[in-house]
Amino acid sequence: MKIAVVGATGMVGTIMMKLLEERNFPVSELIPVASERSVGKIVTFKGEDYKIVGLQKAVSLRPEIAIFSAGGDTSLAWAPKFAEAGCVVIDNSSAWRMDPAKKLVVPEINANVITKEDKIIANPNCSTIQLVMALAP
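Below is a short write-up of the structure. Along each chain, the written sequence defines residue order, and numbers are assigned to residues from 1. Two thresholds apply to this predicted model, a pLDDT of at least 70 for residue-level local features and 80 or more for giving and counting side-chain atom pairs, whereas whole-chain, interface and lining totals are computed over all residues. Heavy atoms throughout the structure, all of them, feed into the side-chain values; hydrogens and water do not.

### Considering the packing of aromatic side chains
Applied cut-off: Only Phe, Tyr and Trp rings take part, Trp by its six-membered ring, and two of them pair if their centres are within 6.5 Å. Stacked means planes under 30 degrees apart, edge-to-face means over 60, and tilted covers everything else. In this scheme, a residue with accessible area under 20% of its type's maximum is buried, one over 50% is exposed, and one in between is partly exposed, where area comes from a 1.4 Å probe on protein chains only.
Summed over all chains, the structure comprises 2 aromatic pairs. Consider the rings of Phe-45 and Tyr-50, whose centres lie 6.4 Å apart with planes at 65°: the pair is edge-to-face. Accessibility classification places Phe-45 together with Tyr-50 in one group, the buried group. Ring plane angle 85° and centroid distance 5.3 Å describe the contact between Phe-68 and Phe-82, whose orientation is recorded as edge-to-face.

### Digging into the side chain of Asp-118
Applied cut-off: For the purposes of this entry, the term helix denotes a DSSP run of H or I that reaches at least four residues, the term strand denotes a run of E that reaches at least two, and both are numbered from the N terminus. Polar contacts, as counted here, are pairs of nitrogen or oxygen atoms within 3.5 Å of one another; within protein the pair requires one atom able to donate a hydrogen and one able to accept it, and residues that are adjacent in sequence qualify only if both atoms are side-chain atoms. Contacts are assigned to residue pairs with any non-hydrogen atoms lying within 4.5 Å of each other.
Relative to the helices and strands, Asp-118 is located in the loop between helix 4 (107-110) and strand 8 (120-122). Judged by its relative accessible area of 12%, Asp-118 is buried. One polar contact links Asp-118 to Lys-103, side chain to side chain, over a distance of 2.8 Å. Among all residues touching Asp-118, those that are not within four sequence positions of it are Val-88, Lys-103 and Val-113.

### A look at the sheet that holds strand 7 (residues 103-104)
Keep this limit in mind: Here, a strand pair is defined by DSSP locating no fewer than two bridges between the strands.
Sheet architecture is open: 6 strands sit in the order 2-1-5-6-8-7, paired in parallel fashion. In this open sheet, the two strands that pair with only one neighbour each are strand 2 (29-33) and strand 7. Here strand 7 pairs with strand 8 via 2 bridges, running parallel. Paired with Lys-103 across the bridge in strand 8 is Ile-121.

### What about the layout of surface pockets?
The condition that has to hold: Definitions used for this entry: grid spacing 1 Å over protein atoms alone; cavity, a set of points where a 1.4 Å probe fits but cannot get out; pocket, an open set with protein on both sides within 12 Å along at least 5 of 7 lines; lining residue, one with an atom within 4 Å of a point. Grid points are joined across faces, edges and corners, and a volume is the space filled by probe spheres set on the points. For this classification, Asp, Glu, Lys and Arg are treated as charged, while Ala, Val, Leu, Ile, Met, Phe, Trp, Tyr, Cys and Pro are nonpolar and the rest, including Gly, are polar.
Roughly 1100 Å³ of internal volume is contained in the largest pocket. Looking at the largest pocket, it is lined by 29 residues, and the ones nearest its centre are Met-16, Ile-67, Ile-90, Pro-107 and Asn-123. Sorting the residues of the lining of the largest pocket by element identifies helix 1 (11-22), strand 5 (65-68), strand 6 (88-91), helix 4, strand 8 and helix 5 (126-135) as the ones contributing at least two each. Broken down by element, the lining of the largest pocket gets its largest block of residues, 5 residues, from helix 1. By residue class, the composition of the lining of the largest pocket is 20 nonpolar, 4 polar and 5 charged. By volume, the second largest pocket is sized at about 160 Å³. Lining the second largest pocket we find 13 residues, and of these Gly-7, Thr-9, Ala-34, Ser-35 and Ala-70 sit closest to its centre. Residue composition of the lining of the second largest pocket, by class: 5 nonpolar, 7 polar and 1 charged.

Structure, rendered in structure tokens:
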């Protein structure tokens, strides 16, 4: 599966890539994405080096999933462009959390609400995720 990690050089993006690796997520191609000042830098994933690309280049590479951790402004500007290219966006910012047209999902709680038509999926903040995980049972 072709996966883009938007915000790959940030703290959250770095951890997301580490978790994809640790959990052996079926990544056939990683597209690490960051700001223009990071384009060309190298990140390592599963023992291989990958060059950071910019947002426009990432959209043109047509990933199947894009995990966004680059802040609300970036998500508002770029998540729709990825979605229009057929990509499913999982957004970790606050950009889409209150948008009634977007689903707010904690996979262990309500992943069943996601459909093939959902191209931008929001997740709550970290403290809310922990709280609903404890309250769900």
